[in-house]
Amino acid sequence: MRFQGAQVAAGLMSVLPGAQALLRFSCSQLVVERLDPLVNPGVVGSPHLHQIIGGNAFNATMDPAKLDIPGTATCTTCTFADDFSNYWTAVLFFRARNGTYHRVPQKGNVFFEQAKGGMTVYYTPTLTGGKVTAFKPGFRMIVGDPMERTAAGAAKYRQLTYTCLQNSMTRTGETKNLPPKPCPAGIMANIRFPTCWDGVNLDSPDHASHIAYPTSGTFESGGPCPSTHPVKIPQLFYEVIWDTTAFNDAAADWPTDGSQPFVWSYGDATGYGTHGDYVFGWKGDALQRAMDQNCQNDRCSGLGSQSLQQGNQCTVETTVDEQIDGWLEELPGGMAVTDASGKVIY
Ligand SMILES: *[C@@H]1O[C@H](CO)[C@@H](O)[C@H](O)[C@H]1NC(C)=O
Ligand SMILES: *[C@@H]1O[C@H](CO)[C@@H](O)[C@H](O)[C@H]1NC(C)=O
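We now turn to the structure provided with this report. It should be emphasised that the depicted structure is a prediction, and the values quoted were computed from it without experimental measurement.

Here we take up the state of the cysteines. Here the structure, examined in full by the defined rule, presents five disulfides. The residue that forms a disulfide with C295 is C300, at a sulfur-sulfur distance of 2.0 Å. In this structure, the disulfide formed by C295 and C300 twists by about 60 degrees around the S-S bond and is classed as right-handed. C300 matches C295 in its accessibility class, with the two residues each being buried.

This is the structure we're talking about:
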């Protein structure tokens, strides 16, 4: 089914109160492997599998004291050619009745159908007026907690959700758990980061304490930042589309107890442990200029851009030698699937 531009725009705008300036652009897949330079720097073979997008300076180490990201990267998978940041999330798997796992493919979003997987990235300066401060070189952050398995625990991450896509335009009915029923056009994972910064620390031991949510209301309602984290930063938001269509025959393929069959690479069948990672790497002050100009979508005066096809060409070699495709006996890294009490369920 094809959508007209106006319908698409109306659908996308339904997630926002009125027409707002925001960057919305695509970054194709860079690499899928068990690396995590934020949580496990230098470790080749982090505990769980990630899908990573952005600049090709990405590797296991990425020492913030030594690495000049935009000066080192020679290409990016993003359509903003000045964005050498890295963005990553876990990887979704389907668990078959016989207990084997299959990686769920990703697909490009509305307008970005030609992208090789990856994500749609948004930077929204503000929905209610005023200036925001773009991230600085060396800035990193994580939102969400892969150990979380309960709705109560996940509630502290206000805006980590799933959309059960009835079609590519569905933007309503977000849930905090993995959708319990088949989603005809796939599952979209929505990862929105907190929008307040302490103004001092580029990172913190848990990669999250230097950022915070507004004290009341939300980013969308213009809620104030806490005095401990007074600096408004852009809202960074990932949409990641998992193309579940090959696994949607519930009668034939889903668990006979009526549960849903998808599990995250970090061993979560609930969805409450969803999380996203970010390492800032825009060239110079390009992101600040984009925020100050209230640029819209994937074009901005003075900022370089490239086609989706050019972005698709940028990759890095995998460094962890293991099979991640086909039917696997276990999740990559031997990650066990656990419930809320930490008990291994499979
Ligand atoms: C990562 O890249 C940096 C800079 O290019 C390099 O010095 C380092 O050795 C690389 N680390 C790994 C594990 O490849
Ligand atoms: C396990 O189930 C999947 C999906 O039905 C099937 O493709 C695969 O061949 C099965 N593997 C074994 C070892 O039976």
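Let us keep going from here.
Residues in close proximity to ligand 2 include A96, N98, T100 and W327, which together make up its full environment. Within the contact set of ligand 2, an oxygen atom lies 2.4 Å away from a side-chain nitrogen or oxygen of N98. Between ligand 2 and W327, the relevant distance is 3.2 Å, taken from an oxygen atom to a side-chain nitrogen or oxygen of the residue. Considered on its own, ligand 2 offers 360 Å² of accessible surface; in the complex 40% of this is hidden by protein. When the residues that make up the shell around ligand 2 are grouped by side-chain class, the tally is two nonpolar, two polar and no charged.

Further remarks concern empty space enclosed by the protein. A complete count under the given rule lists four cavities of 30 Å³ or more for this structure. Here the largest cavity is characterised by a volume of approximately 90 Å³. Around the largest cavity, the lining comprises 13 residues; the ones closest to its centre are T195, F219, G222, G223 and K232. A class-by-class count of the residues in the lining of the largest cavity yields seven nonpolar, five polar and one charged. Within this model, the second largest cavity holds a volume of roughly 50 Å³. If you list the elements that add at least two residues to the lining of the second largest cavity, you get β7 (119-124) and β14 (235-242). Partitioned by chemical class, the residues of the lining of the second largest cavity number four nonpolar, six polar and two charged.

Let's shift gears to the sheet that holds β7. By definition, the strands of a sheet pair up through backbone hydrogen bonds, in either a parallel or an antiparallel sense. On the basis of which strands lie adjacent, the open sheet formed by five strands has the order β1-β7-β14-β10-β9 and antiparallel pairing. What marks the edges here is a single partner per strand, and that holds for β1 (23-27) and β9 (160-164). The sheet shows a mean angle of 20 degrees between the axes of neighbouring strands, taken without regard to direction. Looking at chain direction, β7 and β14 are connected through five bridges and run antiparallel. Paired with V121 across the two strands is Y238, which belongs to β14.

Reading the values: rules and limits
- Residues numbered from 1 in each chain as written.
- Chains lettered and ligands numbered in written order.
- Predicted model: local features only at pLDDT ≥ 70, side-chain atom pairs only at ≥ 80, totals over all residues.
- Heavy atoms only, no water.
- Disulfide = S-S within 2.5 Å.
- Buried < 20%, exposed > 50% of the residue type's maximum accessible area, 1.4 Å probe, protein only.
- Near = heavy atom within 4 Å.
- Polar contact = N/O pair within 3.5 Å; in protein donor to acceptor, adjacent residues only side chain to side chain.
- Areas by Shrake-Rupley, 256 points an atom, 1.4 Å probe, with all protein chains shown as cover.
- Nonpolar A, V, L, I, M, F, W, Y, C, P; charged D, E, K, R; others polar.
- 1 Å grid on protein atoms, 1.4 Å probe; cavity = no way out; pocket = protein on both sides within 12 Å on 5 of 7 lines; lining within 4 Å.
- Points joined across faces, edges and corners; volume = space filled by probe spheres on them.
- Helix = DSSP H or I, 4+ residues; strand = E, 2+ residues; numbered from the N terminus.
- Pairing = 2+ DSSP bridges.
- Axes fitted to C-alpha atoms, helices over the stretch in contact; angles between N-to-C directions.

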